[in-house]
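A structural walkthrough
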Amino acid sequence: TRRRDQALLSMQNHARADDTTSVQLLSEALDMSNDLMDQEIHAMKLAAIAADRDISVLPSRLQKYTLSPEEMQSSRDQQLATAFQLVFGTEYQHTKKVMADKLSNVTTNVMSSCSMRQKESEQNVRRALIRQSLYTALIVFLVILAYVMIAMMILRPIRLYINCMKNNHALDIIGAYEFKYLAITYNNVFKMAQANQNMLRYKAETDALTGLLNREAFEQLKIRLHNIELPLTLMLIDVDVFKSIND
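Let us look at the structure shown here. Everything numeric in this text was worked out from a predicted model, so none of it was measured.

On inspection of all chains with the given rule, the structure shows two salt bridges. Linking E28 and K102 is a salt bridge whose minimum nitrogen-to-oxygen distance equals 2.6 Å. Here K102 lies in helix α6 (residues 90-166) and E28 lies in helix α2 (residues 20-50), a separation of 74 residues in the sequence. Residue classification places E28 among the partly exposed positions, given a relative accessible area of 27%. The exposure class of K102 is buried, given its relative accessible area of 16%. Here D101 and K97 are joined by a salt bridge, their closest N and O atoms 3.2 Å apart. Linking D101 with K97, this pair stays in helix α6, spanning four residues, or about one helical turn. Classification of D101 by relative accessible area gives partly exposed; the value is 37%.

Right, here's the structure in full:
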């Protein structure tokens with residue numbers, strides 16, 4: 001009986017909130033089982049009395065079971081007949097059949113509940129896999145987006161800056177704020193260097209007194225025009241007594 005009560009309690013704890021029918025059916029079947037057991041103990045006590053068995057050797061539950069005065073005073077055949085009727089009679093068999101039907105219904109309900117739980121678990125696992133797939137796709141998309149942003153904001157400006165430096169050009173102001181600031185600073189330095197270079201070239205190729213091109217300027221011009229096929233003429237004029245004018 002204790003094990004049956006524990007089984008009923010365990011089912012109550014694990015049953016679904018909407019599956020009260022199975023718990024009710026199991027409770028009714030347990031009550032019927034206890035009633036049938038009581039009838040069986042009753043029948044065994046009557047059979048033991050009718051057989052003149054030593055009561056002290058019987059199980060304690062049989063020893064404690066009390067028969068009515070009428071049953072104790074009835075004849076041996078009547079006691080045996082009553083015992084037989086208790087465990088083989090129509091009422092006993094009917095109760096046993098009803099109990100079996102209730103247990104069968106409980107089994108069906110439990111199987112159905114387990115099947116529903118299994119389907120719910122499968123759906124939850126499927127949803128979890130879908131969410132995981134979406135998260136994975138999102139992570140891949142973010143990685144690709146990060147690579148594109150790095151390529152656009154960092155790698156592309158670096159390649160352009162390298163080409164500009166190789167070709168001795170000013171930098172294009174593109175990319176992230178740091179690259180734009182770098183390009184502006186470089187362009188300022190580049191313009192100052194060009195200005196200094198032009199000034200040095202002017203001083204190297206121009207006569208300081210007259211402002212005319214000197215011999216070095218003509219030598220550089222000759223080098224630049226060396227590969228040009230057009231006819232060119234270089235006139236050299238000797239000015240007499242130029243030193244008196246120069247002085």
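Following both chains from N to C, one finds helix α7 (residues 177-205) and helix α8 (residues 215-224) inclined at 110°, their axes separated by 7 Å at the closest point. On the basis of their axis angle, the class for α7 and α8 is roughly perpendicular. Note on element contacts: α8 touches α7 through E216, A217, Q220 and R224, opposite R201, A204 and E205. Of the residues assigned to the contact of α7 with α8, the class counts are two nonpolar, one polar and four charged.

What follows is about the packing of α6 against α7. Interaxial distance between α6 and α7 falls to 11 Å at its minimum, and their mutual angle equals 15°. Overall, the two elements α6 and α7 adopt an arrangement that is roughly parallel. Crossing geometry of α6 relative to α7 is assigned as left-handed. Here M153, I154, P157, I158, Y161 and M165 of α6 lie close against α7, whose contacting residues are F179, K180, A183 and Y186. Its residues assigned to classes, the contact of α6 with α7 shows nine nonpolar, no polar and one charged.

The next subject is the side chain of N187. By the element assignment, N187 lies in helix α7. Not counting the four nearest positions on each side in its chain, N187 is found in contact with A170, L171 and I173.

Before going further, it helps to spend a moment on the packing of aromatic side chains. For any two aromatic rings, the description comes down to two numbers: the centre-to-centre distance and the angle of the planes. Considering all chains together, one arrives at four aromatic pairs under this definition. Summarising the aromatic geometry, the rings of Y161 and F179 are spaced 6.2 Å apart at their centres and angled 50° between planes, so their arrangement reads as tilted. Here Y161, found in helix α6, pairs with F179, found in helix α7; they are 18 residues apart in sequence, far enough to count as distant. Residue Y161 shares its accessibility class with F179, and that shared class is buried.

Across its 29 residues, α7 extends 42 Å between first and last C-alpha, which sits within 8% of the 42 Å expected from 1.5 Å per residue. Listed as buried for α7 are F179, A183, N187, F190 and E205. The elements touched by buried residues of α7 are α6 and α8.

What follows deals with the nonpolar core. Counting residues in each nonpolar core, the largest one holds 13 residues, and the members touching the most others are I41, A43, L46 and L67. In this view, L67 contacts H42, K45, L46, I49 and M72; residues no more than four positions away in its chain are not counted. Judged by nonpolar contacts, the second largest core, of seven residues, contains Y161, L171, A176 and F179.

Reading guide: rules and limits
Residues numbered from 1 in each chain as written. Predicted model: local features only at pLDDT ≥ 70, side-chain atom pairs only at ≥ 80, totals over all residues. Heavy atoms only, no water. Salt bridge = Lys/Arg side-chain N within 4 Å of Asp/Glu carboxyl O. Helix = DSSP H or I, 4+ residues; strand = E, 2+ residues; numbered from the N terminus. Buried < 20%, exposed > 50% of the residue type's maximum accessible area, 1.4 Å probe, protein only. Axes fitted to C-alpha atoms, helices over the stretch in contact; angles between N-to-C directions. Parallel < 35°, antiparallel > 145°, perpendicular 65-115°, else oblique. Contact = heavy atoms within 4.5 Å. Nonpolar A, V, L, I, M, F, W, Y, C, P; charged D, E, K, R; others polar. Left-handed = near helix turned anticlockwise from the far one by under 90°. Phe/Tyr/Trp six-rings, centres within 6.5 Å; stacked < 30°, edge-to-face > 60°. Expected span 1.5 Å × (residues − 1). Core = buried A, V, L, I, M, F, W, Y, C linked by side-chain atoms within 4.5 Å.

The quantities given are spatial measurements derived from coordinates; they are silent on function.
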